[in-house]
Amino acid sequence: MMQRPPSVTEPENVTFGDVGLLRIDHVGVAVPDLDIALRFYAETFGMHCVHQETNEEQGVREAMLAVGDGTGPRLQLLAPARPDSAIAKFLDRNGPGLQQLAYTVADVEAAADALRARGLRLLYDTPRRGTAGSRINFVHPKDAGGVLVELVESAPPVRH
Ligand code: V0V
């Protein structure tokens, strides 16, 4: 007789899908120095940078690295642009390492509302500007199992 795996649970009153997570967008790693980290990831893992920018509001210098054929989730390197930034604080407390897990969503406001309705704290009342014109919000890590969860709505494609 088939036995149900003991790890499978059936949460009650959960409507799957209304948060609208589409896929893992990127994993964010805090690094003290962006240029040194870019060189390390290129020389060690053969990853190449597909986008780089400074986000003044977030106080970060950041780079997106493609993995393999570049169609999957990316690695985001995050270096502090000023000493009072979230990344500087993270580095002071933890040192370099995994800082966030980001999911692609179609509608960041709808995703944030669905998570608020479940009692999770979103860091911003309204979305802020993320990489490459995306709109972003975050779930407080204390409400998401110790993981800083980012929601990313990509910028619409540019029409020529
Ligand atoms: C803090 N904590 C974390 C954490 N940061 N836990 C897991 N992952 C992290 N990244 C824990 C910390 O160890 C404490 O635990 C507790 O949370 C402290 O909470 P708090 O006092 O409320 O907050 P702070 O001051 O430590 O700040 C944490 C938050 C901050 C998450 C609120 O980093 C923030 O606002 N982050 C969102 C913005 C951000 O990360 N920007 C940089 C990436 P104990 O000790 O109490 O147990 S910008 C980006 O991703 C962009 C532009 C993009 O993707 O497009």
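See the structure above.
Procedures and definitions
- Residues numbered from 1 in each chain as written.
- Predicted model: local features only at pLDDT ≥ 70, side-chain atom pairs only at ≥ 80, totals over all residues.
- Heavy atoms only, no water.
- Near = heavy atom within 4 Å.
- Polar contact = N/O pair within 3.5 Å; in protein donor to acceptor, adjacent residues only side chain to side chain.
- Areas by Shrake-Rupley, 256 points an atom, 1.4 Å probe, with all protein chains shown as cover.
- 1 Å grid on protein atoms, 1.4 Å probe; cavity = no way out; pocket = protein on both sides within 12 Å on 5 of 7 lines; lining within 4 Å.
- Sits in = over half its atoms within 2 Å of the grid points.
- Helix = DSSP H or I, 4+ residues; strand = E, 2+ residues; numbered from the N terminus.
- Core = buried A, V, L, I, M, F, W, Y, C linked by side-chain atoms within 4.5 Å.
- Buried < 20%, exposed > 50% of the residue type's maximum accessible area, 1.4 Å probe, protein only.
- Contact = heavy atoms within 4.5 Å.
- Phe/Tyr/Trp six-rings, centres within 6.5 Å; stacked < 30°, edge-to-face > 60°.

Participant: For the site of the ligand, give the residues involved together with the corresponding values.
Facilitator: The ligand sits among 25 residues. The nearest are Lys 89, Arg 93, Thr 131, Lys 142 and Glu 150. Residue Arg 93 places a side-chain N or O atom 2.2 Å away from an oxygen atom belonging to the ligand. The contact in question runs from an oxygen atom of the ligand to an N or O atom on the side chain of Lys 142, over 2.6 Å. Its free accessible area being 1,000 Å², the ligand has 72% of it covered by the protein chains. Using a 2 Å cut-off from the grid points, one finds that the ligand occupies the largest pocket. When residues of the shell around the ligand are traced back to their parent elements, those giving at least two are strand 4 (74-80), helix 2 (86-94), strand 5 (97-105) and strand 7 (135-139).

Participant: Go over the nonpolar core, please, and point to the residues and values.
Facilitator: Counting twelve residues, the largest nonpolar core consists of Val 29, Val 31, Leu 34, Ala 37, Leu 38, Tyr 41, Met 47, Ala 63, Leu 65, Leu 75, Leu 77 and Ala 79. Contributing elements (two or more residues each) for this core: helix 1 (34-45), strand 3 (60-66) and strand 4. The greatest single-element share of this core, amounting to four residues, is contributed by helix 1. For Met 47, the residues in contact, after removing those within four places along its chain, are Tyr 41, Ala 42, Leu 65, Ala 66, Val 67 and Leu 75. Within the second largest apolar cluster, eleven residues are counted, among which are Val 19, Val 105, Leu 115 and Val 139.

Participant: Requested: an account of the packing of aromatic side chains, with residues and values cited.
Facilitator: All chains considered together, the criterion is met by four aromatic pairs. Consider the rings of Tyr 41 and Phe 45, whose centres lie 5.6 Å apart with planes at 40 degrees: the pair is tilted. Taken as a pair, Tyr 41 and Phe 45 lie in helix 1 at a separation of four residues, close to a single helical turn. Look at Phe 45 and you get exposed, because its relative accessible area is 51%. Relative to Phe 138, the ring of Tyr 124 has its centre 6.0 Å away and its plane inclined at 85 degrees; by these criteria the two rings are edge-to-face. Taken together, the residues span a long stretch of sequence, with Tyr 124 in the loop between helix 3 (108-117) and strand 6 (128-129) and Phe 138 in strand 7 at a distance of 14 residues.

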